[in-house]
Amino acid sequence: EEEASTAVQMFWGPHSAGHQSPAALCLDLHANGHCLSASPQSAGYENPLHKTWVRSTIAHNTVTVDGRPMIPYDVEVDSVWKTDGARGLATDGVLELFQAEGPFKACRASNEAVYPGIRLDRTLVLTDRFVLDLFRVIGSDSHLYDYAMHILGTPTAALQTQENQGGMFFQDGGYCHLENVRTIEAPTGVASLSWETASGPLHAVVRAGEGSEFILADDPVSEKTQTLGALKPLPRPSALIVRSSGDQAMIMSLWSTQAHELDMTIEDGRADGDVTVKTRIGSQIERWHLPWAAKKVTQLGQTGPKDSTQE
């Protein structure tokens, strides 16, 4: 049961060691004994991908602002070992909520240090059927926000896509390493996607503001890269990037490995306020309240029969 369970991990601590990547509020998804999303693995400090890809923020499952890595990798230096202390900086995040008791779990963390003047704020809800991810970004001025998820698998859904010619951000920094970049047609700011992974299908519904751009790409890989202790070669990661702009952005996603129809509707909310969302897996519908104040996530209601295979 534990091996087959769904799990999520989020990093919210400081950039305290030189071998870390600039990836505050990065998360990884796990299910059926496998990691379904992962940060890039280094093939060594001399590898050409190490500085420009592994040490970029866009290579990780978090939000990149204005196409540049988070502090302390926001400036170009020759060293591959960058720490907060070298420049007298602090990149600590704040654990806003850790809700471990009850039929579902929730946690929330924020960071206002890695992009000065911008608040990154992420709330996760974990049930035995799905992971709900709310990423709020709040700035004082207009910025470009790229929410990224790198999945260890291949997109399988029949999506209407077109080749992305690539703006300036897909030619600079870590973005230049992305391959087969294509745009998903999602005029209403919502996309339903699926990937084939080592543990089977992974499904997602992702919602952002109208006018947001949904992008798929293939991550770069090094022939020397292999996770320590892995018995089989890892599948090539593919990237989902949701690009939004403005003084704030809110990206909400629902992730599940269950073979049921998946849907999610944001009933009310904005980045700097309370959010109410309705989720549906098959015939089971649930409503959730994710407050702006540092208070507990609540389940507002549930309808539909519970799958007999669930606990």
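Bear in mind that the values here come from a model prediction, so they are computed numbers and not experimental data. (Residues numbered from 1 in each chain as written. Predicted model: local features only at pLDDT ≥ 70, side-chain atom pairs only at ≥ 80, totals over all residues. Heavy atoms only, no water.)

The subject of this paragraph is the nonpolar core. Leu120 and Trp255 are the most contacted members of the largest nonpolar core, which totals 41 residues. The element contributing the most residues to this core is strand β8 (residues 131–151), with seven residues. Discounting chain neighbours no more than four positions away, the residues touching Trp255 are Leu29, Arg129, Phe130, Val131, Asp133, Tyr147, Met149, Ile151, Trp195, Leu202, His203 and Ala204. The next biggest cluster of nonpolar side chains, apart from the first, holds 21 residues, and it includes Leu132, Val205, Leu290 and Val297. (Core = buried A, V, L, I, M, F, W, Y, C linked by side-chain atoms within 4.5 Å. Buried < 20%, exposed > 50% of the residue type's maximum accessible area, 1.4 Å probe, protein only. Helix = DSSP H or I, 4+ residues; strand = E, 2+ residues; numbered from the N terminus. Contact = heavy atoms within 4.5 Å.)

The next point concerns the sheet that holds strand β17 (residues 275–281). Sheet architecture is open: four strands sit in the order β16-β17-β18-β19, paired in antiparallel fashion. Looking at the sheet topology across the chains shown, the edges are occupied by β16 (262–269) and β19 (298–303). Taking the axes of each pair of neighbouring strands and ignoring which way they run, one obtains an average angle of 15° across the sheet. In this sheet, strand β18 (residues 284–290) lies alongside β17 in antiparallel orientation, the contact comprising seven bridges. Bridging across to β18, Arg280 finds its partner in Ile285. (Pairing = 2+ DSSP bridges. Axes fitted to C-alpha atoms, helices over the stretch in contact; angles between N-to-C directions.)

Moving on: the packing of aromatic side chains. Think of a pair of aromatic rings as described by two things: how far the centres are apart, and how the planes are tilted against each other in angle. Per the counting criterion, the structure on display carries four aromatic pairs. Between Phe130 and Trp288, the aromatic rings sit 6.0 Å apart at their centres with planes inclined by 90°, giving edge-to-face as the arrangement. Here Phe130 is found in the loop between β7 (118–126) and β8, whereas its partner Trp288 is found in strand β18, with 158 residues between them in sequence. Its relative accessible area of 1% is what places Phe130 among the buried residues. (Phe/Tyr/Trp six-rings, centres within 6.5 Å; stacked < 30°, edge-to-face > 60°.)

As a further point, take the pattern of salt bridges. Under the defined criterion, the tally for this structure stands at 12 salt bridges. Asp121 is the salt-bridge partner of Arg119, the closest N and O atoms lying 2.8 Å from each other. Given a relative accessible area of 0%, Asp121 falls into the buried group. For Glu261, the salt bridge identified is with Arg280, shortest N-O distance 3.3 Å. (Salt bridge = Lys/Arg side-chain N within 4 Å of Asp/Glu carboxyl O.)

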